[in-house]
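Descriptive structure summary
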Amino acid sequence: MKGSRWFIVFIVAFLFIMFAIEYNLPKNFVWKPTFGHNDEQPFGCAVFDSVLSSSLPQGYTFSRKSLYQLEQEDTTQRKGILVISDNLRLSDVDVNALLKMAERGDKIMLVSTLFGRYLEDTLQFRSYYSYFSPMALKKYATSFLKKDSLHWIGDSTVYPHQTFYFYPQLCSSYFWGDSLPERVLAQRVFESNEFRYETEVDSLTTDSLVYMPVAMSRRWGKGEVILVSTPLIFTNYGMLDGKNATYIFRLLSQMGKLPIVRTEGYMKETAQVPQNRPPACRAGLRAVRMRGCRRVDNGYHRRDARGYRLPERPSRSPARGR
């Protein structure tokens, strides 16, 4: 009887130890973009929001209101509005609301791969977009292939021109059109053969390099509308990706000294809430850069061999570097 009691105690202790070991083992990352305020996975925004709220002296707050609701608030205090999504198809009501805010002096930054035809027609631009494939990112990162370059070409009196390097899956969308907003902030650089492959256009350019905008702004009334086509950079991963956080801060500096409100009013689904493991998750995020994204495990399906959806055929030559 006494031996049976010790056996039971041993089994219970063994199970407790195994549970503790399992609980403290590193968890696999989920690479599905959510941009969620409480999501500490790579493409959530928990760390992103935390860093900005403690770093921006003018203030950084979080909201779940729509642009229409924000437009109805206090009209005397100017502010910056930040919206991050991978599919920002704004309604006519939302577009009219953001233009009213810009008209009276607010600055609105929209970060997405899709913006909706009404906004595109109003501001006279088009966006080339692609579906994100975590498996494509994993394959690319573990193959040790070179990263794509984004060139900062904004006002050189404020920031010097600089090149930032990202995996191509994080910056595969860009802007094009016959008439783009007047101020381009950053461009992605393509080799001409790569550009022809992606767009299926054979006769657009004879140059060896092609420059396509990934961030640009348009003055509207007393304010400004800022468009950015790389939402995956505005995440926990982007904020912890070495020196590339500088690129994020340069873009946000376009808001000037205005307090910034990031709204989650256009989230497609609820972000994943962490389960009692913030220290491990934060440490894991920092280790992503060193491990080359080896833990990518699920996400969207690709539309073609490289994960891109092809745009409509543009009628004129693309913008070139300045």
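Presented here is a report on the structure given in the accompanying data block.

Thresholds, definitions, all that
- Residues numbered from 1 in each chain as written.
- Predicted model: local features only at pLDDT ≥ 70, side-chain atom pairs only at ≥ 80, totals over all residues.
- Heavy atoms only, no water.
- Helix = DSSP H or I, 4+ residues; strand = E, 2+ residues; numbered from the N terminus.
- Buried < 20%, exposed > 50% of the residue type's maximum accessible area, 1.4 Å probe, protein only.
- Contact = heavy atoms within 4.5 Å.
- Areas by Shrake-Rupley, 256 points an atom, 1.4 Å probe, with all protein chains shown as cover.
- Expected span 1.5 Å × (residues − 1).
- Pairing = 2+ DSSP bridges.
- Axes fitted to C-alpha atoms, helices over the stretch in contact; angles between N-to-C directions.
- Core = buried A, V, L, I, M, F, W, Y, C linked by side-chain atoms within 4.5 Å.
- Polar contact = N/O pair within 3.5 Å; in protein donor to acceptor, adjacent residues only side chain to side chain.

To continue, consider the overall build of the chain. Counting its secondary structure elements, the chain contains 10 helices and 11 strands. Buried positions account for 49% of the 322 residues belonging to the chain. Here the contacts in the chain between residues at least 6 apart in sequence split such that 77% fall between residues at least 24 apart. Just so you have it, the chain exposes about 16200 Å², and 54% of that area is on carbon and sulfur atoms.

Glancing now at helix 4 (residues 92-103). The end-to-end C-alpha distance of helix 4 is 16 Å, a good match for the 16 Å that 12 residues give at a rise of 1.5 Å each. Of the surrounding elements, those touching the buried residues of helix 4 are helix 3 (67-71), strand 2 (80-84), strand 3 (107-111), helix 5 (117-123), strand 9 (209-220) and strand 10 (223-228). Backbone geometry just after helix 4 places Gly105 at a positive phi near 120 degrees.

Secondary-structure assignment places Ile233 in the loop between strand 10 and helix 8 (236-239). Taking C-alpha positions, Ile233 is 8.7 Å from Ala245, a pair spaced 12 residues apart along the chain. Leaving out residues up to four positions away in the same chain, Ile233 has contacts with Leu150, Phe166, Leu170, Gly238, Met239, Tyr247 and Ile248.

What the nine strands build is an open sheet, ordered 1-11-2-3-10-9-8-5-6; its pairing is mixed. Only two strands of the sheet have a single partner each, and these edge strands are strand 1 (60-63) and strand 6 (162-166). Strand-to-strand, the axes of this sheet are offset by a mean angle of 20 degrees, without reference to chain direction. The sheet contact formed by strand 5 (residues 148-152) and strand 8 (residues 183-191) spans three bridges and is antiparallel.

Once that is clear, we can look at the nonpolar core. Residues Phe48, Leu82, Met109, Phe234, Tyr247 and Leu251 are the most contacted members of the largest nonpolar core, which totals 48 residues. With five residues, helix 9 (residues 245-252) is the largest single contributor of residues to this core. Apart from residues lying up to four places away in sequence, Phe234 is in contact with Phe35, Cys45, Phe48, Leu82, Ile84, Met109, Val111, Val228, Ile248, Leu251 and Leu252. Judged by nonpolar contacts, the second largest core, of 25 residues, contains Leu70, Leu90, Met101 and Leu110.

Following the sequence through the fold, Arg188 ends up in strand 8. Polar contacts involving the side chain of Arg188 include one to the side chain of Asp148, which spans 2.4 Å. Reaching out from Arg188, the side chain makes a polar contact with the backbone oxygen of Cys171 at a distance of 3.1 Å.

Non-glycine residue Gln124 carries a positive phi angle of around 60 degrees. Within the secondary structure, Gln124 is located in the loop between helix 5 and strand 4 (126-128). Residue Gln124 is classed as partly exposed on the basis of its relative accessible area of 45%. Phi is positive for Phe144, which is not a glycine, with a value near 55 degrees. Turning to its location among the elements, Phe144 is positioned in the loop between helix 6 (134-142) and strand 5. Assessed through its relative accessible area of 71%, Phe144 is described here as exposed.

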